[in-house]
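# Fold and contact review
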Amino acid sequence: MDQVTPLVMMNEPFRLETAPNGVTWLACPPLGTPHGFSTRRGGESEGPFAALNLGVSAGDDEATVRRNRAAWATALGMTGPIQGMHQIHGGDVQAVAQRAQETLYGDAIVSATPGLPIGIYTADCTPILLHDPGTGAVGAVHAGWRGTVARVVMNAAQRMVDELGGDPARLRAAIGPAIGPCCFEVGEEVAAAIAAQGWPGWERAIVRDARPKPHVDLFAANRDQLLAFGLRAENVFVSHACTSCDADHYFSWRRDQGRTGRMQAAIMAVAR
Ligand SMILES: [Zn+2]
């Protein structure tokens, strides 16, 4: 195989913010609309869910999760509830103009409605937030390795272009905390699935070094997909924050062997 040149990661303008209520999140100011990647800091949950668990599926107390979600929305200045979806590790996108009356299924959600917060949950998978400063439209994407192979972030950007007046040259993207290539060991079947998809630069997603098994770089994979779609390199921001390495800030499904909380990446269009 030819030597693959790593991309220079120039854009990392992320910073931790803490609200008066103690909720701490990762922000990417150049994204340019209200948004945040939650951390585990600031909520009321205990044990493996300490403290800002935002997911109800893992066995935490539901009333506590509801309070955590309310504190999270308040911290971001959003009027909850944040519209989420039942995530299925695929490539489907839902476009919403208002709060859904029924459960949405898919792994990306896009909207151009001012004041309607949208979000996706993660605990190792890649959260990606999108904003088109020309139209105000936003998107939230959940891309684990299966979603990445399904090109879910490209699908979400495509929906923003097709239905919400988006322009790839104008779109901005922030790739938040996910399990990094330091920790995301995979089997050969995962490497093969990525290779079979073959988006431009896919080779960067598979890390082969002295370790016995391949590792996957979901940051690079999703960045490369966004660049292939037509986003400008200066508009794609990558946190490189590894959820598995940083137990102080993040839940990690793999590190905690499934008994852990969920974080949310949320974003909202604003009136123009
Ligand atoms: Zn790591």
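Residues numbered from 1 in each chain as written. Predicted model: local features only at pLDDT ≥ 70, side-chain atom pairs only at ≥ 80, totals over all residues.

### Considerations on the overall build of the protein
Here is the rule: Strands are runs of DSSP state E lasting at least 2 residues, helices are runs of H or I lasting at least 4, and numbering of each runs from the N terminus. Put plainly, a residue is buried at 20 or more neighbouring C-beta atoms within 10 Å of its own, exposed at 12 or fewer, and partly exposed in between, counting only other residues' C-beta atoms, which are placed from the backbone. Throughout, a pair of residues is in contact if the C-beta atoms placed from their backbones lie within 7 Å.
Along the protein, the regular secondary structure elements total 5 helices and 13 strands. A principal-axis box enclosing the C-alpha atoms of the protein has dimensions of 50 × 45 × 35 Å. Across the 272 residues that make up the protein, the buried fraction comes to 51%. Pairs at least 24 residues apart make up 64% of the contacts formed inside the protein by residues separated by at least 6 positions.

### A word on helix 3 (residues 152–164)
How we decide: Working rule for helices: expected span equals 1.5 Å times residues minus one.
Along its 13 residues, helix 3 runs 17 Å from first to last C-alpha, staying within 8% of the 18 Å computed at 1.5 Å per residue. Here helix 3 has its buried residues at V152, V153, M154, N155, A156, A157, R159, M160 and L164. Against strand 4 (93–95), strand 5 (108–111), strand 7 (126–131), strand 8 (138–143), helix 2 (145–149) and helix 5 (218–229) lie the buried residues of helix 3. One or two steps after helix 3, the chain reaches G165, where phi turns positive at roughly 70°.

### Examining the sheet that holds strand 4
The following threshold applies: Being paired, for any two strands, means DSSP has found at least two bridges between them. Every axis corresponds to a line fitted to the C-alpha atoms, with the helix fit spanning only the stretch in contact, and the corresponding angles, defined between N-to-C directions, vary from 0 to 180 degrees.
On the basis of which strands lie adjacent, the open sheet formed by 6 strands has the order 4-5-8-7-9-12 and mixed pairing. Bordering the open sheet on either side are strand 4 and strand 12 (236–238), each of which pairs with just one other strand. The sheet shows a mean angle of 15° between the axes of neighbouring strands, taken without regard to direction. Across the face of the sheet, helix 5 comes into contact with strand 7, strand 8, strand 9 (172–175) and strand 12 while running at roughly 180° to strand 12.

### Describing the nonpolar core
Selection criterion: Definition of nonpolar core: a set of buried Ala, Val, Leu, Ile, Met, Phe, Trp, Tyr and Cys residues joined via C-beta atoms within 7 Å.
Counting 80 residues, the largest nonpolar core has L130, A140, V141, A156 and A173 as the members making the most contacts within it. Counting residues per element, this core draws most heavily on helix 3, which supplies 7 residues.

### Quick look at the packing of helix 3 against helix 5
Which entries qualify depends on this criterion: Two helices that cross are described as forming a left-handed crossing if the nearer one is turned anticlockwise from the farther one by less than a right angle, and a right-handed crossing if clockwise.
Contact geometry of helix 3 with helix 5 gives a least axis separation of 9 Å together with a crossing angle of 35°. Crossing angle aside, the handedness with which helix 3 passes helix 5 is right-handed. For the pair helix 3 and helix 5, the contacting residues are V153, M154 and A157 in the first and N222, Q225, L226 and F229 in the second.

### Quick look at the sheet that holds strand 6 (residues 117–122)
Adjacent strands of a sheet form backbone hydrogen bonds with each other and so pair up, either parallel or antiparallel. The strand order 1-2-3-13-6 describes an open sheet built from 5 strands, whose pairing is antiparallel. Of all the strands in the sheet, the pair left with one neighbour each is strand 1 (15–18) and strand 6. Taken over all neighbouring pairs, the strand axes of this sheet differ in orientation by 30° on average, direction set aside. As paired strands, strand 3 (residues 35–38) and strand 13 (residues 263–268) are joined by 3 bridges and run antiparallel to one another. Considered in strand 13, the bridge of F37 is made with A265.

### Focus: the pairing of strand 5
On a regular strand, one side chain projects to one face of the sheet and the next to the other, so that they alternate. Of the two faces of strand 5, both are covered, the one formed by A108 and V110 as well as the one formed by I109 and S111. With 3 bridges joining them, strand 4 and strand 5 adopt parallel strand pairing. In the sheet register, Q94 faces strand 5, and the bridge partner there is I109. Where strand 5 lies against strand 8, 4 bridges are found, and the strand directions are antiparallel. Directly across from I109, in strand 8, lies its bridge partner A140.

### Description of helix 1 (residues 62–76)
Between its terminal C-alpha atoms helix 1 stretches 21 Å, which fits the 21 Å expected from 15 residues at 1.5 Å a residue. Turning to helix 1, its buried residues are V65, N68, R69, A71, W72, A73, A75 and L76. Elements that come into contact with the buried residues of helix 1 comprise strand 2 (24–27), strand 3, strand 6 and strand 13.

### A closer look at the confidence of the model for the protein
Quick note on the threshold: A score from 0 to 100, pLDDT tells how confident the predictor is in each residue.
Taken as a whole, the protein shows an average pLDDT of 95; of its residues, 96% reach a score of 70 or greater. For the stretch residues 1–10, pLDDT sits under 50, and the model shows 7 contacts to residues farther than four places along the chain or on other chains.

### What to know about the environment of S244
Tracing the backbone shows S244 in the loop between strand 12 and strand 13. Non-local contacts of S244, meaning those with residues more than four positions away in its chain, are made with D124, I179, C183, S252, R254 and R255.

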